[in-house]
Amino acid sequence: MKANTAIGIAVAFFGLLMGAMMEGTQIPSFINPSALLIILGGTGGATLATTGMVQFKKIPQLYKLSFSPPELNPLERVRLLVNFAEMARREGLLALDDELQQVDDEFTRKGLQLVVDGTDPELVREILEIEMDAMAQRHSLAAQPFEKAGGFAPTMGIIGTVMGLVHVLENLSNPASLGPAISTAFIATLYGVGSANVIFLPVASKLKYLSSLEQELRYMTVEGILAIQAGDNPRIVESKLMSYLSPVERGAEGEEGAPAGAVGEAATAAA
């Protein structure tokens, strides 16, 4: 479900606010512009200083990605590779060349092109694994701003609270104002800890999870491409690739009701 990140964060906020209201706290008590400025400004500045402008500018795009990630379809990838295996076994590897432009996934298309060009199997694996490692490195860098923000935000909250308490101590001559002033001072800590554990760290974890899914799909794709190059029987290719899928995914059926790993469809339709 694409919206699970947004739903999870919304549920977390709802649970926290409802719990506070059940204790008798009013929502307006949590509104403090100065504390919000300390958290956003302090956390944003520290994150920028740590990760650099290039990664920092990607934060809005990465937020969008975590809330609405692209859909990965391992089942469809299995079908595609099995159909190409059938075509290669029947007509030869060169027959795949005419179908490659219809393959949407660039990684799959690149691997199949290497096979069609007659590249040595070990070199094909090496090239594709280098690309996977580079992707994993990029994804790791993409999650860093959120991880760093998740570490800085609670500290910024404590700093904001200390600053608020300094102001409280300056006004000890007015005991009636101490309670509200102390309460306001602790709002900064609430903002810092809350934003770290409800927003920043969950988004970082979601990005890492999405990366692991794509990495697993690419490992499966490499095995399929090498099996095609080796001239394996399409059913053997299917058996290899289906081992990467969970039992639920293996039992899924296509729109026409055909088994997920069925061979015999045209490669162009699978692409």
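Residues numbered from 1 in each chain as written. Predicted model: local features only at pLDDT ≥ 70, side-chain atom pairs only at ≥ 80, totals over all residues. Heavy atoms only, no water.

> So what's going on with helix H6 (residues 106-116)? Residues and values would help.
Since the α-helix turns once every 3.6 residues, residues separated by three or four places project in the same direction. Turning to H6, its buried residues number three or more, namely Phe107, Thr108, Gly111, Leu112, Leu114, Val115 and Val116. Just past H6, the residue Gly118 takes up positive phi, approximately 85°. (Buried < 20%, exposed > 50% of the residue type's maximum accessible area, 1.4 Å probe, protein only. Helix = DSSP H or I, 4+ residues; strand = E, 2+ residues; numbered from the N terminus.)

> For the packing of aromatic side chains, give the residues involved together with the corresponding values.
Within the structure shown, the criterion is met by 2 aromatic pairs. Their ring planes at 15° and their centres at 6.3 Å tell us that Tyr63 and Phe67 sit as a pair that is stacked. Of this pair, Tyr63 and Phe67 both sit in helix H4 (residues 59-67), 4 residues apart, roughly one helical turn. Seen in terms of ring centroids, Tyr63 and Phe146 are 4.9 Å apart; in terms of plane orientation they differ by 85°. Their pairing is edge-to-face. Taken together, the residues Tyr63 in helix H4 and Phe146 in helix H7 (residues 121-169) connect sequence positions 83 residues apart. (Phe/Tyr/Trp six-rings, centres within 6.5 Å; stacked < 30°, edge-to-face > 60°.)

> Tell me about the environment of Leu210, residues and numbers included.
Here Leu210 is to be found in helix H9 (residues 187-229). The contact partners of Leu210, leaving out residues within four places of it in the chain, are Leu65, Ser66 and Pro69. (Contact = heavy atoms within 4.5 Å.)

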